[in-house]
Amino acid sequence: MSTNKIHVYFVPGMAASPAIFDHIQLDPELFTCHFLKWHLPDKKTTLKAYAQQMAHQIKHTDPVLIGVSFGGLVVQEMAKFLKVRKLIIISSVKTYKEMPKRIRLARLTQIHRIFPMSIFENVEFLAKYAMGEKVKNRLKLYQIYLDVRDRRYLHWAINQIVNWKQELPLKNIIHIHGDTDKVFPVNNIKNCITVNNGKHTMIIYRAKWFNEHLPAIILEESDVFS
């Protein structure tokens, strides 16, 4: 067994638990997977400060960071404090310019600040907002996937997404995006690996694609771009 395994750290999407990665299976001979959980931030915690706190959980040198959706924003901020082997975002954005018009409008108007956070305690509403999914037939499943429903966290996370100020993509970032993503429409996305029929929740429902392609992407043997 190799003693030089690659350590891969996964960060889930907004309100999501690491359970969204349950079907991701990387060769244990080559990779060791670590799954980070959300912790409750203070009201005034910046995304930069939060990412620095998350970066303290990285216990290995030259890790691979993989973030989904809001987790994609967080790993980008974490990478500013770490030397990483690979930075991969899934169903996310590289700059605020890739966000949809409704989020950019919220940034201008700050209308999101008047949202009653109690509405997010409804899993169906939270799933539609955070994952672009209607969940009536999979409600119990999404109660597992979306287990962070603290109002303080949700208010904070939404505010960080809306007000994210990154203007230029980080160097060497790898972006994987579904062509049917309703949360971050692919029409706004540049320079990504496109997954056919990939929804915002493809990390869950297209796990086979990731199990087939992630190892090569991490090891720089991927021809997925071609």
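Structure's up top.
K.L.:
Tell me about the overall build of the protein chain, and name the residues and values.
P.N.:
Check the secondary structure of the protein chain and you find 8 helices and 6 strands. Helices (α) and strands (β) of the protein chain occur, in sequence order from the N terminus, as β-β-α-β-α-β-α-α-α-α-β-β-α-α. For the protein chain, the share of sequence-separated contacts (at least 6 apart) that also reach a separation of at least 24 residues comes to 66%. Summed over its atoms, the accessible surface of the protein chain is roughly 11,800 Å², and 51% of this surface lies on carbon and sulfur atoms.

K.L.:
Can you lay out the pairing of strand S5 (residues 174-178) for me, pointing to particular residues and giving the numbers?
P.N.:
Most of S5 is tucked away: 5 of the 5 residues are buried. Burial along S5 is two-sided: the face carrying Ile174, Ile176 and Gly178 and the face carrying His175 and His177 are both buried. Pairing between strand S4 (residues 86-90) and S5: 3 bridges, direction parallel. Looking across to S5, one finds that isoleucine 89 is bridged to histidine 175. Alignment of S5 against strand S6 (residues 193-195), held across 3 bridges, turns out to be parallel. Bridge pairing in S6 places histidine 177 opposite threonine 194.

K.L.:
Report on helix H1 (residues 47-55), specifying residues and quantitative values.
P.N.:
All of the buried residues in H1 are Leu47, Tyr50, Ala51, Met54 and Ala55. In a view along the axis of H1, the buried residues occupy a sector of 145°, so they form one face of it. In this fold, the buried residues of H1 make contact with strand S1 (6-11), helix H2 (70-78) and helix H6 (151-162).

K.L.:
An account of the sheet that holds strand S2 (residues 31-35) is needed here, citing residue identities and associated values.
P.N.:
Spatially, S2-S1-S3-S4-S5-S6 is the arrangement adopted by the 6 strands of the open sheet, whose pairing is parallel. A strand with exactly one partner marks an edge of an open sheet, and here the two such strands are S2 and S6. On average, each strand axis in the sheet is tilted by 20° relative to the strand beside it, whichever way the strands run. When strand S3 (residues 64-68) meets S4, the two strands line up parallel, connected through 5 bridges. Residue pairing in the sheet places valine 68 in a bridge with isoleucine 90 of S4. Packed on one face of the sheet, H2 meets S1, S3 and S4 and runs near 150° to S3. Lying over the sheet, helix H8 (residues 207-218) contacts S1, S2, S3, S4, S5 and S6, oriented at roughly 155° with respect to S4.

Calculation notes
Residue numbers restart at each chain and count upward from 1, following the sequence in its written direction. Only residues with pLDDT of 70 or above have their local features reported here, since the model is predicted, and side-chain atom pairs are shown and tallied only from 80 upward, although totals for entire chains, interfaces and linings are computed over all residues. The basis for every side-chain value is the complete set of non-hydrogen atoms in the structure, without hydrogens or water. Only runs of H or I of at least four residues qualify as helices and only runs of E of at least two qualify as strands under DSSP, and these elements are numbered from the N terminus. Between two residues, a contact is recorded if the distance between any of their heavy atoms is within 4.5 Å. Per-residue and other accessible areas follow the Shrake-Rupley method at a 1.4 Å probe size, with only the shown protein chains counted as cover for residues. Here the term buried applies to any residue with accessible area under 20% of the maximum for its type, exposed to any over 50%, and partly exposed to those in between, with areas from a 1.4 Å probe on protein chains only. A pair of strands is labelled paired if DSSP reports no fewer than 2 bridges between them. The directions considered for the arc run from the helix axis to the C-beta atoms. Simply put, an axis is a line fit to the C-alpha atoms, just over the touching stretch for a helix, and the angle between two N-to-C directions goes from 0 to 180 degrees.

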